[in-house]
Amino acid sequence: PTAPLIAATGDDCSVRLYNIATNETVPFTSFTSGGTCMCWGPENLLTLIVGFSDGVIRVLHCTETGPVLRAVAKPHTVSVNALAFCSSRNLLATTSNDSTIFLFELKNDQLIPLSFLRISSSCSSMLFTPNGSRLIIFETDGTVSFINIDPENDSIKSTGATFEKEFPIMTICK
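First, a word on scope: everything that follows refers to the structure included in this document.

Here is what the cut-offs are and how they apply
Residues numbered from 1 in each chain as written. Predicted model: local features only at pLDDT ≥ 70, side-chain atom pairs only at ≥ 80, totals over all residues. Heavy atoms only, no water. Buried < 20%, exposed > 50% of the residue type's maximum accessible area, 1.4 Å probe, protein only. Helix = DSSP H or I, 4+ residues; strand = E, 2+ residues; numbered from the N terminus. Pairing = 2+ DSSP bridges. 1 Å grid on protein atoms, 1.4 Å probe; cavity = no way out; pocket = protein on both sides within 12 Å on 5 of 7 lines; lining within 4 Å. Points joined across faces, edges and corners; volume = space filled by probe spheres on them. Nonpolar A, V, L, I, M, F, W, Y, C, P; charged D, E, K, R; others polar. Axes fitted to C-alpha atoms, helices over the stretch in contact; angles between N-to-C directions. Core = buried A, V, L, I, M, F, W, Y, C linked by side-chain atoms within 4.5 Å. Contact = heavy atoms within 4.5 Å. Phe/Tyr/Trp six-rings, centres within 6.5 Å; stacked < 30°, edge-to-face > 60°. Lys NZ or Arg CZ within 6 Å of the ring centre and 35° of its normal.

It is worth spelling out the pairing of strand β10 (residues 100-107) at this point. Of all the 8 residues making up β10, 6 are buried; the element is thus mostly covered by neighbouring parts of the structure. Where strand β9 (residues 91-96) meets β10, 5 bridges bridge the pair, whose relative direction is antiparallel. Bridging from a neighbouring strand, Thr94 pairs with Phe102 of β10. In sequence, β9 turns back onto β10 through a hairpin of 3 residues, with Ser99 there showing a positive phi of about 60°. Note that β10 and strand β11 (residues 110-118) share 8 bridges and pair antiparallel. Looking at the pairing, Phe104 lines up with Pro113 of β11. Remark: 2 residues form the turn of the hairpin made by β10 and β11, two consecutive strands paired antiparallel; Asn108 in that turn has positive phi of roughly 55°.

Put into structure tokens, the structure is as follows:
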């Protein structure tokens, strides 16, 4: 973020911000389920994306008076495990214990669903390569894979009725 903020979430259903420049806590926001993961959005904005235990993701804009809700989606059926944001392409990836990964475009603090894919087990962590052409996933069974989401080789937006799409996956460790 462009401001000196630290963010936290947890089982208490809150999203809290702390301003490290002023040593002050920013007023917090509470939701109906516990927070499980978070990531910062576009570098030039104060956008925080938070995953929750009920499968919901929320996009928050951070202000001096606290987080302001900008968008909500429920892509997953169970707890969100990890989020990854690619600032060069404004892509958000979400994953859950339901063994799915959803891809969204984040545009003007709104979530635009692009596609989803199924993976062999739940994912504990993930990150985009710097240019955003691949998503590296770390599954709970020890598998590490690269998912090719390069738009020059394959459109990431599903053209089907369900948003489900198959992507080239290369497993590098199992």
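Continuing now.
What follows deals with the layout of surface pockets. As a volume, the largest pocket reaches approximately 180 Å³. For the largest pocket, the full set of lining residues is Ala3, Leu5, Asn19, Thr22, Glu24, Thr25, Val26, Leu46, Cys62, Thr63 and Glu64. Looking at the lining of the largest pocket, the element that brings in the most residues is strand β3 (residues 24-30), giving 3 residues. Partitioning the lining of the largest pocket into residue classes produces 5 nonpolar, 4 polar and 2 charged.

This next bit is on the sheet that holds strand β2 (residues 14-19). Read from one edge to the other, the open sheet built from 3 strands follows the order β1-β2-β3, with strand pairing classed as antiparallel. Of all the strands in the sheet, just β1 (5-9) and β3 have a single pairing partner and so form its edges. The average undirected angle you get between the axes of adjacent strands in this sheet is 20°. Examined bridge by bridge, β1 and β2 share 5 bridges and lie antiparallel to one another. Bridge pairing links Ile6 to Tyr18 in β2.

Judged by nonpolar contacts, the single largest core of 18 residues is most densely connected at Ala93, Ile101, Met126, Phe128, Leu135, Ile137 and Ile147. Those elements that place two or more of their residues in this core are β8 (80-86), β9, β10, β11, β12 (123-128) and β13 (134-139). Ignoring sequence-local partners within four residues, the contact set of Ala93 consists of Ala82, Leu83, Ala84, Ile101, Phe102, Leu103, Met126, Phe128 and Leu135. The next biggest cluster of nonpolar side chains, apart from the first, holds 16 residues, and it includes Ile49, Ile57, Leu83 and Phe116.

Moving on, we get to the packing of aromatic side chains. Tallied over the entire structure, the rule returns 3 aromatic pairs. Note on Phe102 and Phe104: the rings are 6.5 Å apart at their centroids and 25° apart in plane angle, and the pair reads as stacked. Here the aromatic cluster, defined as three or more aromatic residues joined through ring pairs, consists of Phe102, Phe104 and Phe116. The ring of Phe28 has Arg16 lying over it, and the distance from NZ or CZ to the ring centre is 4.0 Å. The ring of Phe52 has Arg58 lying over it, and the distance from NZ or CZ to the ring centre is 4.5 Å.

The values are spatial; any link to function lies outside them.
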